[in-house]
Amino acid sequence: MTIMAAVYLGGWALFVWLGDSWLQLLVAVALAVVFAQLGFLAHDLGHRQVFRTRRPSDVAGLIIGNLAIGLGWGWWTTKHNRHHANPNHEDHDPDVSPAVIVWSEEQVARSIGLPRFVAKYQAYWFFPLLTLEAWHLHIASVKALFKPEAKRRGSELTMLLTHFVLYFGLVFTILPVGKALLFLIVHQGVFGIYLGCTFAPNHKGMPILTAEDKLDFLRKQVLTSRNVRGGLFADVALGQLNYQIEHHLFPNMPAPNLRRAQPIVERYCAEIGVDYLQTGLIESYGQALRHLHEVGAALRRPLPTPGA
């Protein structure tokens, strides 16, 4: 956390020092990576992995999530906990609710409007749509604070608004309007792609559960999750979420310990006959994209000829 705080402040200091320069687009990319890495820390804080008690977790989560990167930590943590309780479940997991992307043939059959249009070739749309993911998260964070069930509305909203005032104020003060807009597009676009590329390998393309599926806790978590091999590079690049199976079985286990738990869990799954999937990073994207393409296959079939 100390290293990330120094890198975050150093990135913005470099932004100010460079001033009106096209090199700011490289800074935008670097800061997008820093924002995503801070998002990983906020994720771990949401699972109570870092501190022993709730209050420092909440304080650090709000500072990192709301103030530093402009994502509503309280809203996202609540949504993410619902995902953990029922991963890849059509009725209960908000991460597979049919918004723009649809995740099952049943969802395709029920889709209308934009989701139905996108679903036809959604495997090709997936990565371009990720450029909008960060903007979506910012907007959803603010909207969530105006719902009746919102907690800590005052403090969360104050931190979010402070982030946006400082963020947009600094960018448009240092850069002329054209470069400022381009900086925002690159920074938020890369931030969204990075987040999406981190979370997509974990569950996308894995079985989608329905009310008819009756699985125990272990099978519900293991069969819907995928681990990603890659050693130290994958550990750092994916925020140690490449050990997704172990993370779902032990969500508040500190992230650095997940790699130690991995061989134990894999061995136990082999002993009891539970499928345990672990792939390379590129193959994980391939599996996810093939699943999305297969889901939309029905929309690509030609309509029957009248009277045929």
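Scroll up for the structure.
Note that this is a predicted model, so its numbers are computed, not measured.

1. A short note on the overall build of the chain
Each helix and strand in the chain was counted, giving 16 helices and two strands. Its C-alpha atoms give the chain a radius of gyration of 21 Å, within 12% of the compact-globule value 19 Å for 308 residues. With respect to the principal axes defined by its C-alpha atoms, the chain has extents near 65 × 55 × 40 Å. Put simply, the chain has 308 residues, and 49% of those count as buried. Taking as baseline every contact in the chain between residues at least 6 positions apart, the subset at least 24 positions apart corresponds to 65%. If you sum the accessible surface of the chain, you get close to 15,700 Å²; carbon and sulfur atoms cover 66% of it.

2. Some remarks on the nonpolar core
Counting residues in each nonpolar core, the largest one holds 35 residues, and the members touching the most others are W12, L38, F183 and F191. Mapped by element, the contributors of at least two residues to this core are α1 (2-18), α2 (24-46), α3 (54-69), α8 (133-144), α9 (153-174) and α10 (177-203). A total of 12 residues in this core trace back to one element, the largest contributor, which is α2. When near neighbours in sequence (up to four residues on either side) are disregarded, W12 contacts L31, F35, Y167, L170 and F183. Counting residues in each nonpolar core, the second largest holds 11 residues, with V96, W103, V118 and F126 among its members.

3. A word on the pattern of salt bridges
One pass over the structure, following the stated rule, counts seven salt bridges. Here D58 makes a salt bridge to R48, at a shortest N to O gap of 2.9 Å. Here D58 is found in helix α3, whereas its partner R48 is found in the loop between α2 and α3, with 10 residues between them in sequence. With relative accessibility at 13%, the residue D58 sits in the buried group. A network of salt bridges, in which partner residues are shared, links R48, D58, R152 and E156.

4. Considerations on a negative patch on the surface
Together, E105, E106, E212, D213 and E294 make up a negatively charged patch on the protein surface. Residue placement: E294 occurs in helix α15 (residues 281-295).

5. With respect to α15
Between the first and last C-alpha of α15 there are 22 Å, a value that for 15 residues agrees with the 21 Å anticipated at 1.5 Å per step. Turning to α15, its buried residues number three or more, namely S284, Y285, G286, Q287, A288, H291, L292 and V295. Among the structural elements, α5 (105-110), α7 (122-130), α10, β1 (227-228), β2 (278-279) and α16 (297-300) are those in contact with the buried residues of α15.

6. Re the side chain of D235
Checked against the element boundaries, D235 lands in helix α12 (residues 231-237). Excluding its chain neighbours within four sequence positions, the residues that come into contact with D235 are Q240, N242, Y243 and R259.

What counts and what doesn't
- Residues numbered from 1 in each chain as written.
- Predicted model: local features only at pLDDT ≥ 70, side-chain atom pairs only at ≥ 80, totals over all residues.
- Heavy atoms only, no water.
- Helix = DSSP H or I, 4+ residues; strand = E, 2+ residues; numbered from the N terminus.
- Rg over C-alpha atoms; globule rule 2.2 N^0.38 Å.
- Buried < 20%, exposed > 50% of the residue type's maximum accessible area, 1.4 Å probe, protein only.
- Contact = heavy atoms within 4.5 Å.
- Areas by Shrake-Rupley, 256 points an atom, 1.4 Å probe, with all protein chains shown as cover.
- Core = buried A, V, L, I, M, F, W, Y, C linked by side-chain atoms within 4.5 Å.
- Salt bridge = Lys/Arg side-chain N within 4 Å of Asp/Glu carboxyl O.
- Patch = residues over 30% accessible without salt bridge, like charges linked within 9 Å, V, L, I, M, F, W, Y side chains within 5 Å.
- Lys, Arg positive; Asp, Glu negative; His and termini not counted.
- Charge placed at Lys NZ, Arg CZ, Asp CG, Glu CD.
- Expected span 1.5 Å × (residues − 1).

The analysis is restricted to geometry; functional conclusions fall outside its scope.
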